[in-house]
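# Descriptive analysis of the structure
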Amino acid sequence: MLSESEGQSRRIPTLASYCQRVLSAHADALSCLGDDIRYDLIKPVLECCSAETLLRLEQSSPYLQENTSDLWERLCFKTYPLLVEQLARNGELRPESWREQFFLLREAEAHRLEEVSSKLRNQRMEAAERKKEREVKLTDRLPPAKRARTSVTQPKSLFQKAKNEVKFRKALYTTRILPPMVHGKTYRVLPSAPNAKPLMASSSRTPKICIGRTGATGPPSASTKLATSVPVSTEEPQLSAEPLPAEHSAPVSPLSTLSSLTPAEARTLKPPIQKKDPMASLFMPKHRAFSQLPKAASNTPAR
Amino acid sequence: MTTRTQANVSFACVHVRTTVDFREQNHSGKSDDWVKLVSSDGYSFLVKRNVATVSGTLRTMLSTDSTFREALVNTCTISERAVLVEKVCEYMAFKAQYESAGPKEEIPLNEFTERIPPEVALELLLAADYLEGEA
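Residues numbered from 1 in each chain as written. Chains lettered and ligands numbered in written order. Predicted model: local features only at pLDDT ≥ 70, side-chain atom pairs only at ≥ 80, totals over all residues. Heavy atoms only, no water.

## What about the overall build of chain A?
Looking only at helices and strands, chain A has 11 helices and 0 strands in total. Sequence-distant contacts in chain A: of pairs separated by 6 or more residues, those separated by 24 or more amount to 58%. Accessible area for chain A stands at about 20,700 Å²; split by element, carbon and sulfur atoms hold 57% of it. (Helix = DSSP H or I, 4+ residues; strand = E, 2+ residues; numbered from the N terminus. Contact = heavy atoms within 4.5 Å. Areas by Shrake-Rupley, 256 points an atom, 1.4 Å probe, with all protein chains shown as cover.)

This is the structure:
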């Protein structure tokens, strides 16, 4: 039919070639080729089918297997080009059974893919873990302190020293009890004056001196009286030698002066600190300058 | 060798075209020269002789020069299913039509590809191969 011996110039494709075309388009839908098909008839179709289809067709029509080695070779190179090249370079290529070679290559490829994917998975998991560590966590325990709470530190710089000294001197004039002035140390203010007495008694010659209540608690009039009176009394005796008698006399005089005051003054005097909440002192400015008490009363010589 | 039978009027019982006396038209020009192709499942296809002879195999079988029985009765039995015989006839007609077309004419070659359903393509391939035999 389909021959050109009629002498026509144009070629109409043969029916067989039309069929081959259609079959090639649907090559992977082939399930079985039957027993009597010629290899060269079906070859163009087999060239277009996948490895699975080829395997299936071979299994159903075993006689085809003799001729399919070319097809398998083609499949090898098409599907796994890099691996085959690698093998060819190493000289490991076995040209006899291309079909088996194909399946070996397929396994190798699957293996490699598995390795790479597991590596990726691990990397991703590690990255996720690291991220989780950094995220905000809820807890009710305190985190470890970054640095230990510092106790009273020495004033490092000269400026700091000067500041402290000024502070200290100012404080002196506002307390009822005036300890001997000692340089170079900072002193903590204790809340209660009556407690000061036994404390002072206990500390004999130590430089630590407990000062009675400072700050602007007392009305300046009474305190000034005390202030003026006290230094007089303490300065006379030797300061370093006998701090004790001086301290003893100090509490006596303020008490005596207290009693001599009128009740009105006494009321305004703001008696010692027992009545006051010690915590309130936290919010009192240490400097008289920032005090919010009435300014008229404050006219200490220290200012 | 096929047995020689008398070409007689018994043709009348087999042909379908009633308007034409089949026997008389046998030796006339090709324009009215019909042959019958019979499939394995009993279907008959009437085609013009020039169409049927596109197939080398059929041409041999139907050649009036031969002594084959088929030639005498202008009937060819093809051992394929009717579906396939129909497609073969279609192809032969397609080819016969465009064979005589001038060089300037466009042949819609791809048109025929669509006319082959994939389900029959494999069998059709085998049938086409068989019928393609050259004269």
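Having put the structure on the table, let's press on.
## Notes on the side chain of A:T53
Residues and elements named next belong to chain A. Structurally, T53 can be placed in helix α3 (residues 51-60). Here T53 falls in the buried class, since its relative accessible area comes to 2%. In this view, T53 contacts A27, D28 and L30; residues no more than four positions away in its chain are not counted. (Buried < 20%, exposed > 50% of the residue type's maximum accessible area, 1.4 Å probe, protein only.)

## Digging into the pattern of salt bridges
This structure, assessed with the given rule, holds 13 salt bridges over all chains. In this structure, A:D40 and A:R38 form a salt bridge, with 3.2 Å as the shortest nitrogen-oxygen distance. Judged by its relative accessible area of 39%, A:R38 falls in the partly exposed class. Close ionic contact of B:E90 with B:K87 constitutes a salt bridge, the shortest N to O distance being 3.2 Å. Of this pair, B:E90 and B:K87 both sit in helix α5 (residues 82-99), separated by 3 residues, roughly a single helical turn. (Salt bridge = Lys/Arg side-chain N within 4 Å of Asp/Glu carboxyl O.)

## Details of the sheet that holds strand β1 (residues 34-38) of chain B
All names here are of chain B. Strand order in the open sheet formed by 3 strands is β2-β1-β3, with mixed pairing between adjacent strands. Two strands bound the open sheet, and with one partner strand each, they are β2 (44-48) and β3 (75-77). Across the sheet, the axes of successive neighbouring strands diverge by a mean angle of 25 degrees, strand direction being ignored. Pairing between β1 and β2: 5 bridges, direction antiparallel. Paired with V35 across the strands is V47, a residue of β2. (Pairing = 2+ DSSP bridges. Axes fitted to C-alpha atoms, helices over the stretch in contact; angles between N-to-C directions.)

## Quick notes on the packing of helix α5 (residues 81-90) of chain A against helix α6 (residues 98-134) of chain A
Residues and elements named next belong to chain A. With their axes 10 Å apart at the nearest point, α5 and α6 run at an angle of 110 degrees to one another. Judged by the inter-axis angle, α5 sits roughly perpendicular to α6. Where α5 crosses over α6, the handedness of that crossing is right-handed. The residues of α6 that touch α5, namely those facing L83, V84 and L87, are Q101, L105, A108 and E109. Residue composition of the contact of α5 with α6, by class: 5 nonpolar, 1 polar and 1 charged. (Parallel < 35°, antiparallel > 145°, perpendicular 65-115°, else oblique. Left-handed = near helix turned anticlockwise from the far one by under 90°. Nonpolar A, V, L, I, M, F, W, Y, C, P; charged D, E, K, R; others polar.)

## Observations regarding the interface of chain A and chain B
Contacts between chain A and chain B engage 26 residues on the former and 33 residues on the latter. Taking both partners together, chain A and chain B bury about 2,600 Å²; carbon and sulfur atoms supply 67% of that area. Summed over the shared surface of chain A and chain B, the result is 1 salt bridge. Between A:R38 and B:D129 there is a salt bridge, with its nearest N and O atoms 2.6 Å apart. At the junction of chain A and chain B, the tally comes to 3 residue pairs in polar contact (both at pLDDT 80 or more). Breaking the side of chain A that touches chain B down by element, the ones donating at least two residues are α1 (15-25) and α2 (39-46) of chain A. The element that contributes the greatest number of residues to the side of chain A that touches chain B is α1(A), accounting for 8 residues. (Buried area = accessible area lost by both parts, 1.4 Å probe. Polar contact = N/O pair within 3.5 Å; in protein donor to acceptor, adjacent residues only side chain to side chain.)

Honestly, that's just the spatial picture; any functional story needs more than this.
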